[in-house]
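Residue-level structure breakdown
Listed here are the chains, written in short residue letters.
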Amino acid sequence: MKDYQEYSLLRHNTFRIDSKCRRFLEYESIEEAVSTAEVLRSSKLPFLIVGGGSNLLLTKDFDGVVVHCGIKGIDGSCSPIVKVGAGEVFDDVVEYCVEHQLYGAENLSLIPGEVGASAVQNIGAYGSEAKDIIEKIYAVEIATGNRVEISNADCCYGYRNSRFKSEWRNKYLITHVSYLMSAFFSPKLDYGNIRTELGRKGIAEPSPRELRQTIIEIRREKLPDPEITGNAGSFFMNPVVGRDKYEQLSEQYPDMPHYYIDDSHEKIPAGWMIEQCGWKGRSLGPAGVHDRQALVLVNRGGAKGEDIVRLSDAIRHDVKAKFGIDIFPEVNII
């Protein structure tokens, strides 16, 4: 088990903010996860569990213990179930599945972050979510050190949400996630501009590899590389509104994009509303809004966490004033 004091978290958050923690622990096996749980039980310090930091905004140094999973490995021996170490990069799992003719994750290509976080956040993009493929989560209960297996159904997954973010927060150290894939390729092409991009390439019926590559190209065109420009991807969740509110706004904005949820609800893209408020490409000090995707807030150089929060608050105020809708951060603000 790795154990460091006064540790910089610069490599553990994609906003590239150089905050520190008092102590940093990384477990690389189930046995080390059990030992880590014992350390957390005996310590009087608060603790924070992190993944790749692609959904994290640090606003100050953390006066406690930061815990990270370093368990690697992709095991497809029980195909179509793929069991993966929680410290693996999630996109590497998508690549593995496409390479081994296991389908269902193609639209999740290039989402940053690690496998453990996919189960916590219920990551999603282009009409797909992690909950669609997660079979089971393997973890160590911090309070007891017991090894547990948690089913998909028990996680109560919702839009970018799960019990790990509420009543199970800081209850488990995730060691592995198993995904139930399909041997049959059934592409989802009707979300965003997937069909447009495929049509531009002259592809009517994409192969799994062609769909994955197209998703990657779309994301790279719209989203900044965090290795170059600090960001956490989509900063805000897309709000779901009632039918009455949607109809009111659609009368005012006939070209407003929207996505059907059910007969009573529609999803309105937060990025579109932010752009309508004039924030796309603008900056507030060293923090700014990406010039190609208004849903992404960026560190233009030297920004601190509070600079990003100040920008977020200004955007939320303007969206509420113009559309009467509250938008909320998707990122975990510490």
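Scroll up a little and you will see the structure.
The present account deals with the structure reproduced in this document. (Residues numbered from 1 in each chain as written. Predicted model: local features only at pLDDT ≥ 70, side-chain atom pairs only at ≥ 80, totals over all residues. Heavy atoms only, no water.)

Things to note about the packing of aromatic side chains
Put simply, the rule is: Pairing of aromatic rings covers Phe, Tyr and Trp, the last counted by its six-membered ring, and requires centre-to-centre distances within 6.5 Å; plane angles under 30 degrees mean stacked, over 60 mean edge-to-face, and any other angle means tilted. Numbering of helices and strands runs from the N terminus, with a helix taken as a DSSP run of H or I at least four residues long and a strand as a DSSP run of E at least two residues long. Burial classification: accessible surface area is computed with a 1.4 Å probe over protein chains only, and a residue below 20% of its type maximum counts as buried, one above 50% as exposed, and the rest as partly exposed. We count a charge as sitting over a ring when the NZ of a lysine or the CZ of an arginine lies within 6 Å of the ring centre and within 35 degrees of the ring normal.
Using the criterion set out here, one finds 15 aromatic pairs in the structure. Measuring from ring centre to ring centre gives 6.4 Å for Tyr-4 and Phe-24, while their planes differ by 25°; the resulting arrangement is stacked. Of this pair, Tyr-4 sits in strand E1 (residues 2-8) while Phe-24 sits in strand E2 (residues 20-27), and the two are 20 residues apart along the sequence. By relative accessible area, which is 1% here, Phe-24 ends up buried. Where Phe-15 meets Phe-235, the ring centres are 6.3 Å apart and the plane angle is 70°; that geometry is what we call edge-to-face. Remark: Phe-235 occurs in the loop between strand E13 (230-234) and strand E14 (240-242) and Phe-15 occurs in the loop between E1 and E2; sequence separation between them is 220 residues. Taken as a pair, Phe-15 and Phe-235 share a single burial class, namely buried. One aromatic cluster in this structure is built from Tyr-4, Tyr-7 and Phe-24. Just above the ring of Tyr-159 sits the side chain of Lys-267; from NZ or CZ to the centre is 4.4 Å. The side chain of Arg-282 reaches across the aromatic face of Trp-279, ending 3.8 Å from its centre.

Points about the pattern of salt bridges
As a reminder, the rule being used: We define a salt bridge as a contact between a side-chain nitrogen of Lys or Arg and a carboxyl oxygen of Asp or Glu at a distance within 4 Å.
Tallying each qualifying case throughout the model produces 24 salt bridges. Between Arg-163 and Glu-167 there is a salt bridge; the shortest N-O distance is 2.7 Å. Given the relative accessible area of 48%, Glu-167 is considered partly exposed.

Describing the layout of surface pockets
Defined as follows: We place a 1 Å grid over just the protein atoms. Points where a 1.4 Å probe fits but has no way out form a cavity, open points with protein on both sides within 12 Å along at least 5 of 7 lines form a pocket, and any residue with an atom within 4 Å of a point lines it. Grid points are joined across faces, edges and corners, and a volume is the space filled by probe spheres set on the points. For this scheme, ten residues count as nonpolar: Ala, Val, Leu, Ile, Met, Phe, Trp, Tyr, Cys and Pro. Four count as charged, namely Asp, Glu, Lys and Arg, and the remainder, Gly too, count as polar.
Computed from the structure, the second largest pocket encloses a volume of approximately 760 Å³. Lining the second largest pocket we find 27 residues, and of these Thr-14, Pro-112, Gly-113, Pro-226 and Glu-227 sit closest to its centre. Within the residue set of the lining of the second largest pocket, elements represented by two or more residues are helix H5 (208-222) and E13. If one sorts the elements of the lining of the second largest pocket by residue count, E13 sits on top with 3 residues. Here the lining of the second largest pocket is built from residues that sort into 8 nonpolar, 10 polar and 9 charged.

Side note on the sheet that holds strand E16 (residues 265-267)
Convention followed: Pairing between strands is defined by DSSP: at least two bridges between them are needed. Only C-alpha atoms enter the line fits that serve as axes; for helices the fit covers just the stretch in contact. Angles between N-to-C directions range over 0 to 180 degrees. Note on definitions: a residue-residue contact is assigned when non-hydrogen atoms from the two residues lie within 4.5 Å.
In space, the 3 strands of this open sheet follow the order E14-E16-E15, with antiparallel pairing throughout. Of all strands in the sheet, those bounded by a partner on one side alone are E14 and strand E15 (259-262). Neighbour-to-neighbour, the strand axes of this sheet turn through a mean angle of 35°, independent of strand direction. Taken together, the 3 bridges between E15 and E16 define a ladder with antiparallel strand orientation. Each bridged residue has a counterpart across the sheet, and for Asp-262 the counterpart in E16 is His-265. The strands touched by helix H6 (residues 243-252) within the sheet are E14, E15 and E16, with E14 carrying the most contacts at an inclination of about 95°.

Section: the sheet that holds strand E18 (residues 287-289)
Spatially, E13-E19-E18-E17 is the arrangement adopted by the 4 strands of the open sheet, whose pairing is antiparallel. Each having just a single partner strand, E13 and strand E17 (283-284) make up the two edges of the open sheet. Here E17 pairs with E18 via 2 bridges, running antiparallel. Within E18, the residue paired with Ser-283 across the bridge is Gly-288. Strands in contact with helix H8 (residues 305-323) are E17, E18 and strand E19 (296-299); relative to E18, the strand with the most contacts, it is inclined by about 40°.

Re the side chain of Asp-307
Selection criterion: Counting rule applied: Lys, Arg positive; Asp, Glu negative; His and chain ends not counted.
Considering the arrangement of structural elements, one finds Asp-307 in helix H8. Arg-310 provides the closest opposite charge to the buried, salt-bridge-free Asp-307, at an N-O distance of 4.2 Å. Apart from the residues lying within four places of it in its own chain, the contact partners of Asp-307 are Pro-286, Ala-287 and Gly-302.

A closer look at the side chain of Arg-219
Its location among the elements puts Arg-219 in helix H5. Here Arg-219 occupies a buried position and makes no salt bridge, while the nearest side chain of opposite charge, Asp-91, is found at 7.5 Å. Excluding residues that lie within four positions of it along the chain, Arg-219 makes contacts with Ser-109, Leu-110, Ile-111, Pro-112, Ala-125 and Tyr-126.

Some words on unusual backbone geometry
Trans is the common state for peptide bonds, and a negative phi is the common state for residues other than glycine. Pro-80 follows Ser-79 through a cis peptide bond whose omega is 15°. Non-glycine residue Arg-16 carries a positive phi angle of around 60°. Structurally, Arg-16 can be placed in the loop between E1 and E2. In this structure Arg-16 comes out as partly exposed when scored by relative accessible area, which is 26%. Of note, the phi angle at Asn-170 is positive, near 60°, even though the residue is not glycine. For Asn-170, the location among the structural elements is in the loop between strand E11 (147-151) and strand E12 (172-180). In this structure Asn-170 comes out as partly exposed when scored by relative accessible area, which is 32%.

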